[in-house]
Amino acid sequence: MSAASEPQPLGRALGWLDERYRIRELLGFLGHKTVPLGPHFVWYYFGGVSLFLFMVQVLTGIMLLLYYQPGEATAHESVKFLISEVQFGWLVRSLHSWSANLMVGAIFVHMFSVFFTRAYRKPRELTWVSGFLLLALTLGFGFSGYLLPWDELAFFATKVGTDIVGALPVVGDFLLVLLRGSEDVTGATLTRFFGIHIALLPGLFTMILAVHLIQIQRQGMSEPEHLQKQPAEKRRSMPFFPAFLLRDLLLWLVVLNVLAVLAVVFPWELGPKADPFAPAPAGIRPEWYFMFMFETLKLLPAHIWIVEGELFGILVFGIGGLLWLLVPFLDRGSERGARHRWLLRAGIVVVAYIAIMTARGYMQ
Amino acid sequence: MPEPVSRRRFLDLALGGGVVAWLGTVLYPVFSYLKPPATREPVATSVKVAKLSEIPPNSAKIFKFGTKPGILVHTAQGELRAFNAICTHLDCTVQYKPEWKLIWCACHNGRYNLEGINISGPPPRPLQEFTVHVKDDEIHVSRV
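Residues numbered from 1 in each chain as written. Chains lettered and ligands numbered in written order. Predicted model: local features only at pLDDT ≥ 70, side-chain atom pairs only at ≥ 80, totals over all residues. Heavy atoms only, no water.

Caption draft 1: Here's a closer look at the interface of chain B and chain A. Counting residues at the interface gives 29 residues for chain B, matched by 30 residues for chain A. Carbon and sulfur atoms supply 62% of the area that chain B and chain A bury against each other, a total of about 2400 Å² over both sides. Of all residues in chain B, Leu90, Asp91 and His108 of chain B bury the most surface against chain A, accounting for 24% of the area lost on that side. Counting every contact that joins chain B to chain A gives three salt bridges. In this structure, Arg180 of chain A engages Asp91 of chain B in a salt bridge whose closest nitrogen and oxygen atoms are separated by 2.8 Å. The tally of links from chain B across to chain A stands at seven residue pairs in polar contact (both at pLDDT 80 or more). (Contact = heavy atoms within 4.5 Å. Buried area = accessible area lost by both parts, 1.4 Å probe. Salt bridge = Lys/Arg side-chain N within 4 Å of Asp/Glu carboxyl O. Polar contact = N/O pair within 3.5 Å; in protein donor to acceptor, adjacent residues only side chain to side chain.)

Caption draft 2: Just the environment of Leu227 of chain A, in detail. Residue and element names in this part refer to chain A. Looking at the element boundaries, Leu227 is found in helix H10 (residues 225-228). In this structure Leu227 comes out as buried when scored by relative accessible area, which is 8%. Sequence separation between Leu227 and Leu37 is 190 residues, and the spatial gap between their C-alpha atoms is 9.1 Å. Contacts of Leu227, omitting those with residues within four sequence positions, involve Leu37, Gly38, His40 and Arg235. (Helix = DSSP H or I, 4+ residues; strand = E, 2+ residues; numbered from the N terminus. Buried < 20%, exposed > 50% of the residue type's maximum accessible area, 1.4 Å probe, protein only.)

Caption draft 3: Region of interest: unusual backbone geometry. Of the consecutive residues Lys122 of chain A and Pro123 of chain A, the connecting peptide bond is found in the cis state with omega at 10°. Looking at the secondary structure, you find Pro123 of chain A in the loop between helix H5 (89-116) and helix H6 (125-147). For the peptide bond that leads from Phe241 of chain A to Pro242 of chain A, omega is 5°, which places it in the cis range. Inspection of the secondary structure assignment puts Pro242 of chain A in helix H11 (residues 240-265). Positioned with a positive phi, Trp305 of chain A is a non-glycine residue whose angle comes to about 55°. In this fold, Trp305 of chain A is placed in the loop between strand S3 (303-304) and strand S4 (307-308). Looking at Trp305 of chain A, the relative accessible area reads 76%, which means it is exposed. Positive phi is not limited to glycine here, since Lys101 of chain B has a value of about 55°. Within the element layout of this structure, Lys101 of chain B appears in the loop between strand S5 (95-97) and strand S6 (102-105).

Caption draft 4: How the structure looks around the nonpolar core. In terms of nonpolar packing, the biggest core is built from 41 residues, with Leu53, Phe205 and Trp324 of chain A touching the most fellow members. Looking at this core, the elements with two or more residues in it are helix H3 (45-65), H5, H6, helix H9 (187-219), H11, helix H13 (309-325) and helix H15 (341-363) of chain A. Sorting elements by how many residues they give to this core places H5 of chain A first, with 10 residues. In this structure Phe205 of chain A touches Phe54, Met103, Leu134, Leu137, Thr138 and Phe141 of chain A, once residues within four positions along its chain are discounted. The next biggest cluster of nonpolar side chains, apart from the first, holds 38 residues, and it includes Leu147 and Val185 of chain A together with Cys105 and Leu127 of chain B. (Core = buried A, V, L, I, M, F, W, Y, C linked by side-chain atoms within 4.5 Å.)

Caption draft 5: Region of interest: the pattern of salt bridges. Inspection of the entire model under this criterion finds 16 salt bridges over all chains. Salt-bridge contacts for Lys48 of chain B lead to Glu138 of chain B; the nearest nitrogen and oxygen are separated by 3.5 Å. Remark: Glu138 of chain B occurs in strand S10 (residues 138-143) and Lys48 of chain B occurs in strand S1 (residues 46-51); sequence separation between them is 90 residues. Close ionic contact of Glu99 of chain B with Lys97 of chain B constitutes a salt bridge, the shortest N to O distance being 3.6 Å. Taken together, the shared-partner salt bridges connect Asp163 and Arg180 of chain A together with Asp91 of chain B into one network.

See the structure below:
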């Protein structure tokens, strides 16, 4: 028997697995999947980039766990020790913080590209819903993780953020105590946020992420409508496996490098330790992705009609979020290929509002 | 005459009721566990804040009143006023701005005058006022 006809070790292993789990069916499925080519092509990458940054979060997060100690007396001290004494501790923390921010950014780009190319239309309505849940969990990650170093900014950001929850009618008081673990933001809050950040959210996120990915693999990539209408010979595509996946991996490498440069050149700072009996510092502000809400709360007057301004703001953002979740179902004409113009306009208004309010927050 | 309850309907109801009761016995302890026990902290009714000489006119001091922060302001006119230092908007701790002669919250730019009344920005209500007594150069603050 010649060496050429003898199966390679990889082929043999595949054969062994296939005999037991029919793995070739799965690979065949991946082999059939294609990615439509066109001017919109670049947007397909952002979901993958978000996924990659999530993996960076998990890895760096586990590394941080080796040194971080939750608790009012130890949290700030352990982060200080981590960034000043532990070799490359500052780098791991900086990577974790930067990739968190880049992940939120990538998710926003991914979400708005799906919105503006109407990739959410039938049959992908529930992919939009699972994506929305992932966004909500990501913001929860950002909010809960922000408190963990127990510095001044984190302390007041958490006070404000949880107080907003407390302003909700009926359930507000219960949720406030549930989140804070006491009436005020204390060490009990830190313990709860730690648990939420490292156990509850990762578990939920991983489950919904699996659903989101299965939905995408099952239905394939959405093709913009104008390309769908083209004759078959004009429509171009690329195999997902391995061509698109390799491009994905190459981009992930680029993102990793950008992340490394950011983490090294602009290492994440640690503010002074939280002091519950110090006034809120001037210039206090949240992470950039909460900035538009923060600015809105600043601008709202004390009372709007009979409701307190803050409650009005929360209700408006709550209803806005709900409508955003329901976008695929609001775009009723999507099955016929028509589009409600008002939905497109509303999307542009949302992007413009977020951009203007965020910029305003940083200019002041 | 009411319809007789069939055996199937009866069993469905019993099973459904059983499921609801089972959920209740599971969820009640879970929610009770999530709610932290109310700690009985001694409610401070009066506290010694500072010596009069420590707080010059047109300045202020944040002090601990039980578990909450309070703010004692010595106005430019020489009056002493004390308030709960928690902003009525979203729970931040306020501070005194000597250049504006106002109480200011850095979080959302809320402002209060030296009577503790919300005069600008988002705060919906005035700050809660405390009573100030001076005894032998020592400033005491107590709840009204």
